[in-house]
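Listed below are the residues making up each chain.
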Amino acid sequence: MSTKTTIDPAEAAHFDRLAHAWWDPDGPFWPLHRLNRLRAGYISERLSARFGRSANRAVPLQGIRLLDIGCGGGLLSEAMARLGAEVHGVDMVEKNIRIAQQHAEASGLAIRYTCGTAEGLAEQGESYDAVLNLEVVEHVADLPLFMSACGRLVRPGGLMVIGTLNRTAASFLTAIVGAEYVLRWLPKGTHHWRKFPKPEELEGMLLESGMRVFDRTGVKIDPFTRKFRLSPGMSVNYMLVAEKSG
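Residues numbered from 1 in each chain as written. Predicted model: local features only at pLDDT ≥ 70, side-chain atom pairs only at ≥ 80, totals over all residues. Heavy atoms only, no water.

As for the nonpolar core
Here is step 1: In this structure, I43, L47, L66, M80 and L132 are the most contacted members of the largest nonpolar core, which totals 41 residues.
Here is step 2: Taken together, the elements giving at least two residues each to this core come down to α1 (9-18), α2 (30-50), α3 (75-82), α4 (94-106), β4 (128-134), β5 (154-165) and β8 (237-244).
Here is step 3: The biggest single contributor to this core is α2, with 6 residues.
Here is step 4: Among the nonpolar cores identified, the runner-up in size contains 29 residues, and L121, Y128, L153 and I162 belong to it. (Core = buried A, V, L, I, M, F, W, Y, C linked by side-chain atoms within 4.5 Å. Buried < 20%, exposed > 50% of the residue type's maximum accessible area, 1.4 Å probe, protein only. Helix = DSSP H or I, 4+ residues; strand = E, 2+ residues; numbered from the N terminus.)

Structure follows, in structure tokens:
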């Protein structure tokens, strides 16, 4: 068994302190609450098209096995479960998993939650139709190891969806200076600009796992309405969708 890990102890401690606030729409995770509907719709459309489902059905993702890696308190996991997917949510923070389990049970949703890592799942031989990798890559200790493990978890013909922040001057001003220090939308220290990956860096790592990006989009927020929307500009937030050959 490998001794390498993708867990960053400082990141784990940060999210452990905030775990109680996951389901507070006005708390420190409010951006994820606002973003959730947009990204769930985007993901559902791409998965439906890939696996031959009608996106207009009430449960278009029925029968699709999904891994929500770095699931936090389960915001995206629950959204996917409501669309019919068979969801496995995994996070490195035990408090996150307990809160996710409690909320899913109270909501009547059957979601499998476990505390663990991508590399641990890969060593166990787990495989999924799709891996959802949202707002995680900028928090791991070893990005190449993490991306390699996530790639191993996608079955041949499956998909990976990544959402993160670009490493640009615009993202430093917006996501660090603006969001954490001026507007105070996020707790200070939530993000570390040097850990933001550029799209081409992720695409190179995906290629090493036999995966090709076929769809990409930027994501923007209106600072006045706090509403997110898809955008062609990828200088700050962006999402990538990659398929695995097979």
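Focus: the packing of aromatic side chains
Here is step 1: Scanning the model with the defined rule gives 4 aromatic pairs in all.
Here is step 2: Geometrically, the ring pair formed by W30 and W185 is edge-to-face, given 5.2 Å between the ring centres and 85° between the ring planes. Separated by 155 residues along the polypeptide, W30 in helix α2 and W185 in the loop between α7 (169-182) and α8 (199-208) bring together distant segments of the chain. W185 carries the same exposure label as W30, and that label is buried.
Here is step 3: The interplanar angle of 85° and the centroid separation of 6.0 Å between the aromatic rings of F172 and W193 together place this pair among those described as edge-to-face. Here F172 is found in helix α7, whereas its partner W193 is found in the loop between α7 and α8, with 21 residues between them in sequence.
Here is step 4: Members of the aromatic cluster, connected to one another through ring pairs, are F15, W22 and F29.
Here is step 5: Positioned above the aromatic ring of W30 is the side chain of R226, whose terminal nitrogen or guanidinium carbon lies 4.3 Å from the ring centre. (Phe/Tyr/Trp six-rings, centres within 6.5 Å; stacked < 30°, edge-to-face > 60°. Lys NZ or Arg CZ within 6 Å of the ring centre and 35° of its normal.)

Considering the state of the cysteines
Here is step 1: On inspection of all chains with the given rule, the structure shows 0 disulfides.
Here is step 2: In this structure C71 is a free cysteine whose sulfur lies 9.1 Å from that of C115, the closest cysteine sulfur available.
Here is step 3: Using a relative accessible area of 6% as the deciding quantity, one classes C71 as buried.
Here is step 4: C150 carries a free sulfur, and the closest cysteine sulfur to it, the one in C71, is 13 Å from it.
Here is step 5: A relative accessible area of 0% means that C150 is categorised as buried. (Disulfide = S-S within 2.5 Å.)

Examining α4
Here is step 1: Under the 1.5 Å per step criterion, the end-to-end length of α4 is 19 Å for 13 residues, consistent within 8% with the ideal 18 Å.
Here is step 2: Among all positions in α4, only N96, I97, A100 and A104 are buried. Down the axis, α4 shows its buried residues gathered within 95° of arc, on one side only. Counted as exposed and oriented over 90 degrees from the buried face of α4: E94, Q102, E105 and A106.
Here is step 3: Buried residues in α4 make contact with α1, α3, β2 (86-91) and β3 (112-115). (Expected span 1.5 Å × (residues − 1). Arc of directions from axis to C-beta. Contact = heavy atoms within 4.5 Å.)

Quick notes on the sheet that holds β2
Sheets are built from strands that pair by backbone hydrogen bonding, the pairs being arranged parallel or antiparallel.
Here is step 1: An order of β3-β2-β1-β4-β5-β8-β6-β7 is seen for the 8 strands of this open sheet, with the pairing classed as mixed. Across the chains shown, the open sheet's two edge strands, defined by having one partner strand only, are β3 and β7 (228-231). On average, each strand axis in the sheet is tilted by 20° relative to the strand beside it, whichever way the strands run.
Here is step 2: As paired strands, strand β6 (residues 211-221) and β8 are joined by 8 bridges and run antiparallel to one another. The partner of V219 across the bridge, within β8, is N237.
Here is step 3: Along the sheet, α3 contacts β1 (65-69), β2, β3 and β4; its crossing angle with β2, the most-contacted strand, is approximately 175°. (Pairing = 2+ DSSP bridges. Axes fitted to C-alpha atoms, helices over the stretch in contact; angles between N-to-C directions.)

By themselves, these figures tell us nothing about what the structure is for.
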